[in-house]
Amino acid sequence: MGATYTFKGLLTENGWITNAVVSLDDLGNITSIKQTETPEGEYINGYALPGFQNAHSHAFQYAMAGLAELHTNTGAQDDFWSWRNAMYGLALTLSPNQMEAVATMLYSEMARHGYTAVAEFHYLHHDKDGSPYPNLAEMGTRLMAAAQKAGIRITLVPMFYQQGGFGQEPVERQKRFISHTIKDYYTLLDSSIEAAKAFDNANVGIGIHSLRAVKPEDVVAVCNALDGSRPFHIHVSEQLKEIEDCVAFHGKRPVQWLLDNCPVDANYHLVHATHLDDSEVNGIAKSGAHVVLCPSTEGNLGDGLFRFEDYKNAGGNWSIGTDSHVGLNPLEELRILDYGQRLISHKRTSFVTPDSGDSGFNAIKMAWQAGRRAMGATDGTFFSEGQPFDAVVINAASPLIATASEKNLCNTFVYAADVSDILGTIVSGKWISKQGVLQNRDAIVTDFVRVMEELGTRV
Ligand code: ZN
């Protein structure tokens, strides 16, 4: 027998179970959930939601979070591309130890904010001079080790990154990212799959960095070889310049090109997809593919606003990710997404569906369902029997929450709560963060601070 918890409330797709007893087996998998009059096991005065899914991360970029806002030369154009230059500078300097320290701090902070799983979109593969590490998957292994230390699940998605732009050779500062051929990429992928076997909560996806980073014939070959057993991730249509370059090279917009040339289906996770025309909005929705929206980063980089209303009305699926980690709060991601739409639509119904007018609940559910697919998971409903018990628990004693009726709980969380209202985060039945305290926090912070001093990034 494993642990038993009684929560003041537990969220299901059909509403709240009050006084919910959750019984687990030794591995932390759910054996039963029932309502009770008499608490069993550990009583928690909190509301359990399914753990948030962070469907897009570049862990190393956490080292520069918040540093791109000193605009010293106010005459210069500071945009996505100038930010990318700074990001490349960081990418060129990190050692495996430093990567692991930064990622461990980051993933621990994700856990503190209620994320229980992360999809790591990983392209910093090679040594500083561009040569492969003896273990091809060295950096990916460090990322999985970091996730294990933080207690969070990871779907490592090693990226195929081959060239510097549409029809262009890679440039010097991209040397750590490059797989020259499909064969090189598959060798890296196989090494990553092998490395993941050493970790309990790690699996591996497949990815192409972007249409600009891989030759079209190789994009098609990789996509045609997908068998649906691993999630497929790709950056697409984040920046207007990328659309212009793609149209100049292919004669088509990026998403349209992908839809026309690859068997796009529910296994595809299109990251950003910010700039879409009508045919692309409907094409993604019809294919069953998912988009991964990263509202805090997209806002920070000035990408633009995703066509959420049209996509939702077409039946499109979406998850959230924290990308550059300028924000790490899932509730904030949902709010930024919603408020961006409200500001342009002058309506307050971004998350409303024909089935439900409960914005907070809908946002949690939609982001979770697509987020699970982005991780390569197949559990379709919250807290299914046989699945690991992964939850974020909201403090029922927080004043706004303590006074909210059941029907107002999800909206109080999504629109009016912050991380101080989170009682803790549970993965496979174990607390990985409780009352803001992370497992091994002191050692993790010490390592992170040392690495920041070594890098000098934050000075
Ligand atoms: Zn990204």
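The coordinates are above.
Protein coordination at the zinc ion comes from His 56 (NE2), His 58 (NE2) and His 235 (NE2), with a distance range of 2.0 to 2.2 Å. Taken in chain order, the donor set of the zinc ion reads H-x1-H-x176-H. A relative accessible area of 3% means that His 58 is categorised as buried.

A word on helix H4 (residues 182-196). Helix length check: H4 (15 residues) gives 21 Å between terminal C-alpha atoms against 21 Å at 1.5 Å per residue, within 8%. Packed against the buried residues of H4 are helix H3 (138-150), strand E7 (153-160), strand E8 (202-204), strand E9 (206-208) and helix H5 (216-224).

Within soluble globular proteins, side chains that are nonpolar generally end up buried alongside one another. In terms of nonpolar packing, the biggest core is built from 146 residues, with Phe 7, Tyr 107, Trp 318 and Phe 389 touching the most fellow members. The dominant element in this core, judged by the number of residues it contributes, is helix H2 (residues 96-112), at 8 residues. Mapped onto the domain boundaries, this core takes at least three residues apiece from domain 1 (4-50 + 384-441) and domain 2 (52-374). Dropping the residues within four chain positions of it, Phe 7 is found in contact with Asn 19, Ala 20, Val 22, Ile 44, Gly 46, Ala 48, Phe 389, Val 393 and Ile 426.

Turning our eyes to something else, we now look at the packing of aromatic side chains. Across all of its chains, the model carries 25 aromatic pairs by this definition. Centre to centre, the rings of Trp 16 and Phe 413 are 6.3 Å apart; their planes meet at 80 degrees, and the pair counts as edge-to-face. Here the residue Trp 16 occupies a position in strand E2 (residues 15-24), and Phe 413 occupies one in helix H14 (residues 406-416), the gap between them amounting to 397 residues. In this structure Phe 413 comes out as buried when scored by relative accessible area, which is 0%. Considering the side-chain rings of Tyr 62 and Phe 448, the 5.8 Å spacing of their centres and the 35 degrees angle between planes classify their relative orientation as tilted.

Calculation rules
Residues numbered from 1 in each chain as written. Predicted model: local features only at pLDDT ≥ 70, side-chain atom pairs only at ≥ 80, totals over all residues. Heavy atoms only, no water. Donors = N, O, S within 2.8 Å, 3.2 Å for Na, K, Ca; no water. Buried < 20%, exposed > 50% of the residue type's maximum accessible area, 1.4 Å probe, protein only. Helix = DSSP H or I, 4+ residues; strand = E, 2+ residues; numbered from the N terminus. Expected span 1.5 Å × (residues − 1). Contact = heavy atoms within 4.5 Å. Core = buried A, V, L, I, M, F, W, Y, C linked by side-chain atoms within 4.5 Å. Domains from an automatic or database assignment. Phe/Tyr/Trp six-rings, centres within 6.5 Å; stacked < 30°, edge-to-face > 60°.

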